[in-house]
Amino acid sequence: MTGRIIGLGSYIPKKVLTNDDFASFLNTSDEWITERTGIKERRISDHLNEKPSQMAIEAAKRAIEDAGIDPKEIELIITASTTPDMVVPTLSCIVHEAVGVSENCGCFDVNSACPGFIAAFNAAQGFFETGHIKLALVIGVECLSNFANYSDRGTCILFGDGAGAAILRAEDIKRNEFIMRSSGARSRCLRAEAARQPDRWNEEGFRESTQFYMNGKEVFKFAVTEVPQIIRDLADKFSFDLENDVDYFILHQANARIIEATAKKLGIDRAKFPMNIQSYGNTSSASIPILLDEMKRDGRLKPGMKLVLASFGGGLTWDANYIVY
Ligand code: ACO
């Protein structure tokens, strides 16, 4: 059995932060940000009614409606987030109550930075493969504006907030293949300390270290090397042809140049690599389900299409999936 996506939903905060808004308080410009990242604007949570749990609930409700299912049938909720507003209960349990799921349902969260949605999706597939569940809700949600350092022009301009969700239903055919990779040894280029470390509260610079630190150049090099490689390895391992057997390559929306470089290295038409980074920036684990939802709503995504999903980020972690939508 494989869990097939039968419903998608997303929530994007209302407040828009443009490149020109950044230029009003940082030494940067619309031209620099657009040229280096492809980002024109991103959405930022109001931090009152658009907390990660609230955005996750809204995305989940929309995915449930899109799937046309009764939420009481959901047997598993997995939420991916690096920036939750609650540690206990999990975001999954908060969604569980809000959307009216029965107690016959497992709930847990995962944190795998930007590839979090793919990690959650693959964890759910394990439950489908053993035949233990028939319906799951998988969510990716982030409020990166809570962790961005707004005096560091090299990182804060990248991030946006949002949530995306998918309903998966068991089907009796193989529809998911994947490779997941990690390198703890290369973790230093992307870091944020947990805020609650009482023994360190008086340490100089501790407060700043709870915000995202990123060595952009290193992450960029890592991404343009490992992402094309893992996609090639996926095609070799599961014997499909990248040019003829894939309708779309849905990549984590981190930087348009990373996506363009991946298309170029693989020798695949750039048109097969959809992007919405210009409007939302890098929404980490929410970027893939937000893009899938957008593509479903505008008619680009059709049942039966073959997709490569690929993501990369803190950890370092990087994953690629080959799925039939
Ligand atoms: N505006 C103007 N100038 C800037 C800005 C800015 N916003 N940011 C950096 N600069 C300057 C630098 O200070 C530097 O100036 P200098 O040469 O005088 O020292 C110059 O521009 C070049 O800086 P670089 O860091 O070398 O710029 P680069 O071309 O590498 O672009 C960027 C930076 C956009 C961050 C790029 O490295 C990148 O996208 N990296 C990948 C980031 C990523 O994908 N992260 C995903 C993971 S996030 C997660 O897991 C949560």
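No experiment lies behind these values; they were computed from the predicted model shown.

Q: Would you mind showing me how to read the overall build of the protein chain here?
A: Tallying secondary structure elements over the protein chain gives ten helices and 13 strands in all. Compactness check: the protein chain gives a C-alpha radius of gyration of 19 Å against a globular reference of 20 Å for 325 residues, within 12% of the reference. Taken along its principal axes, the extent of the C-alpha atoms in the protein chain is 55 × 45 × 40 Å. Out of the 325 residues in the protein chain, the part that is buried amounts to 55%. A separation threshold of at least 6 residues defines the contact pool for the protein chain, and within that pool the share at least 24 residues apart is 76%. Surface summary for the protein chain: the accessible area is close to 14,200 Å², and the carbon and sulfur share equals 49%.

Q: Would you explain the sheet that holds strand β11 (residues 248-251) in this entry?
A: Sheet strands pair via backbone hydrogen bonds, and the direction of the pair is either parallel or antiparallel. Taken together, the four strands give an open sheet; going across it, the order is β8-β13-β12-β11, and neighbouring strands pair in mixed fashion. Each end of this open sheet is capped by a strand with a single partner; those strands are β8 (176-182) and β11. Direction aside, the axes of adjacent strands within the sheet are offset by 10 degrees on average. Lying on the sheet, helix α10 (residues 287-297) is in contact with β11 and β12 (306-313); it crosses β11 at an angle near 140 degrees.

Q: Looking at this structure, how should I read the environment of E193?
A: Assignment of secondary structure puts E193 in the loop between β9 (190-191) and α6 (206-209). Taking C-alpha positions, E193 is 34 Å from I74, a pair spaced 119 residues apart along the chain. With residues up to four places along the chain from it excluded, the contact list for E193 reads R200, F206, S209 and T210. Here the side chain of E193 touches Q197 through a polar contact of 3.0 Å, side chain to side chain.

Q: Would you take a moment to explain the site of the ligand for this structure?
A: Around the ligand, a shell composed of 24 residues is seen, among which T28, R36, R153, K217 and N255 lie nearest. The side chain of T28 places a nitrogen or oxygen atom 2.6 Å from a nitrogen atom of the ligand. Take G314: an N or O atom from its main chain is 3.3 Å from an oxygen atom of the ligand. For the ligand, whose free accessible area comes to 1,000 Å², the fraction covered by protein is 76%. Residue assignment for the shell around the ligand shows that the elements contributing at least two residues are α2 (30-37), α7 (216-237), α8 (256-266) and β12.

Q: Just checking my understanding: could you explain the side chain of S92 for this structure?
A: Relative to the assigned elements, S92 resides in helix α4 (residues 91-99). In this structure S92 comes out as buried when scored by relative accessible area, which is 0%. Within the local environment of S92, its side chain forms a polar contact with the backbone oxygen of F108, the two atoms lying 2.8 Å apart. With residues up to four places along the chain from it excluded, the contact list for S92 reads I77, I78, T79, C107, F108 and D109.

Scoring rules and cut-offs
- Residues numbered from 1 in each chain as written.
- Predicted model: local features only at pLDDT ≥ 70, side-chain atom pairs only at ≥ 80, totals over all residues.
- Heavy atoms only, no water.
- Helix = DSSP H or I, 4+ residues; strand = E, 2+ residues; numbered from the N terminus.
- Rg over C-alpha atoms; globule rule 2.2 N^0.38 Å.
- Buried < 20%, exposed > 50% of the residue type's maximum accessible area, 1.4 Å probe, protein only.
- Contact = heavy atoms within 4.5 Å.
- Areas by Shrake-Rupley, 256 points an atom, 1.4 Å probe, with all protein chains shown as cover.
- Pairing = 2+ DSSP bridges.
- Axes fitted to C-alpha atoms, helices over the stretch in contact; angles between N-to-C directions.
- Polar contact = N/O pair within 3.5 Å; in protein donor to acceptor, adjacent residues only side chain to side chain.
- Near = heavy atom within 4 Å.

That's the geometry; what it means functionally is another story.
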